[in-house]
Amino acid sequence: MDCKKIIILTFICAVTLTMITACSVSYKFNGASIDYTKTKTIQINDFPIRASYVWGPMQPIFNNQLKDMYGSYTKLIQVKRNGDLKVEGEITQYQQRNKSVSAEGYSAQTELSMTVNVRFTNTKNHSEDFEKSFTATASYETTVNLSAVQEQLVTQMSKDICDQIFNATVANW
């Protein structure tokens, strides 16, 4: 009798295990939902700085991160012109403001913000075209000089904006 129970339990476990592995769901949180049979290329133009306050290295930091993101997470070939997808725009705002005040009445934290205007064109499906602004912020202690943390904060904000642009253009979620 015990032998029959073991065989039945083994059979049930095997069937259950087979069903679990056969019915798996796959999620891609950093990948793109692109039909590579139709869409093969992407054109990413450099984003110039059109903000009134400028920090020179911001432009190459942002442009390189944006191109690297599409290169890392898609199989799209980056081209200089006539891409199936086209991403272009400009850095429209870069500013700092007081975020919080200390008990003594002085600024305790400063918030840095960056805004990028993006125009996206999908030549294979123009219903997905858009023009939209994306913003990211980062804070630092007022006791720290901006020049000491600026590269780190701009890199962090650029990554955040690149994530937003990627999700809006090819991730479709």
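See above for the structure.
Described in the following lines is the structure provided in the data block.

Reading the values: rules and limits
Counting restarts for each chain: residues are numbered from 1 in the order of the written sequence. Local features in a predicted model are, by the rule used here, given only for residues with pLDDT of at least 70; side-chain atom pairs are given and counted only at 80 or more, and totals for whole chains, interfaces and linings are based on all residues. With hydrogens and water stripped out, all remaining heavy atoms of the structure feed into the side-chain values. For the purposes of this entry, the term helix denotes a DSSP run of H or I that reaches at least four residues, the term strand denotes a run of E that reaches at least two, and both are numbered from the N terminus. Think of it in three bands: with a 1.4 Å probe and only protein chains considered, a residue is buried below 20% of the maximum accessible area for its type, exposed above 50%, and partly exposed in between. The contact definition used throughout considers only heavy atoms, calling two residues in contact when any of these lie within 4.5 Å. Accessible areas in this description were obtained via Shrake-Rupley with a 1.4 Å probe; residue shielding takes into account the shown protein chains only. A pair of strands is treated as paired once DSSP finds two or more bridges between them. If you view a crossover with the strands going away from you and the path from the first strand over the helix to the second runs clockwise, you call it right-handed. Any two of the Phe, Tyr and Trp rings considered here, Trp counted by its six-membered ring, make a pair once their centres fall within 6.5 Å; the pair's planes then place it as stacked at under 30 degrees, edge-to-face at over 60, or tilted in between. Grouping buried Ala, Val, Leu, Ile, Met, Phe, Trp, Tyr and Cys residues that are joined through side-chain atoms within 4.5 Å yields what is termed a nonpolar core. Salt bridge criterion: a side-chain nitrogen from Lys or Arg within 4 Å of a carboxyl oxygen from Asp or Glu.

1. Here's the deal with the overall build of the protein
- A count of helices and strands for the protein gives three helices and five strands.
- Overall, the protein shows an N-to-C arrangement of helices and strands of α-β-α-β-β-β-β-α.
- Relative to its 173 residues, the protein shows a buried fraction of 34%.
- The contacts of the protein with a sequence gap of at least 6 include a subset with a gap of at least 24, amounting to 69%.
- Summed over all atoms, the accessible surface of the protein reaches about 10,900 Å², with 55% contributed by carbon and sulfur.

2. A word on the pairing of strand β1 (residues 41-44)
- Along β1, one buried face is formed by Thr41 and Gln43 and the opposite face, lined by Ile42 and Ile44, is buried too.
- As defined by bridge partners, β1 adjoins strand β2 (residues 77-79) across three bridges and the pair is classed as parallel. The partner of Gln43 across the bridge, within β2, is Val79.
- As a crossover connection, the stretch from β1 through helix α2 (residues 58-73) into β2 is right-handed.

3. A closer look at the environment of Asp163
- As for its placement among the helices and strands, Asp163 is situated in helix α3 (residues 146-171).
- Sequence separation of Asp163 and Gln65 is 98 residues, and the distance between their C-alpha atoms is 9.6 Å.

4. Some details on the packing of aromatic side chains
- For the structure on display, the rule yields six aromatic pairs.
- Here the aromatic rings of Phe47 and Phe62 are separated by 5.2 Å at their centres, their planes lie at 70 degrees, and the arrangement is edge-to-face. On the criterion of sequence distance, the pair formed by Phe47 in the loop between β1 and α2 and Phe62 in helix α2 is long-range, its members being 15 residues apart. A single burial state applies to Phe47 and to Phe62, both of which are buried.
- With centroids separated by 5.5 Å and ring planes inclined at 35 degrees, the aromatic side chains of Phe120 and Phe130 adopt a geometry described as tilted.

5. Observations concerning the nonpolar core
- If you look at the biggest cluster of nonpolar residues, it comprises 38 residues, and the most contacted ones within it are Phe62, Leu66, Tyr70, Val87, Tyr94, Met114 and Ile165.
- If we ignore the near neighbours within four places in the chain, the residues touching Met114 are Met58, Phe62, Ile91, Gln93, Tyr94, Phe134, Thr135, Ala136, Met157, Ser158 and Ile161.

6. A closer look at unusual backbone geometry
- Its identity as a non-glycine residue notwithstanding, Asn82 has a phi of 60 degrees, on the positive side.
- By the element assignment, Asn82 lies in the loop between β2 and β3 (85-101).

7. Observations concerning the pattern of salt bridges
- Applying the stated criterion to the full structure yields seven salt bridges.
- Put simply, Lys86 and Glu88 hold a salt bridge, and the shortest N to O gap is 3.8 Å.
- The shortest N-O distance in the salt bridge between Arg97 and Glu111 comes to 2.7 Å. Of this pair, Arg97 sits in strand β3 while Glu111 sits in strand β4 (residues 107-122), and the two are 14 residues apart along the sequence.
- Among the residues examined, Arg97 registers a relative accessible area of 46% and is labelled partly exposed.
- Owing to a relative accessible area of 12%, Glu111 belongs among the buried residues under this scheme.
- Look at the salt bridges and you will find they share partners, linking Glu90, Arg119 and Glu131 into a network.

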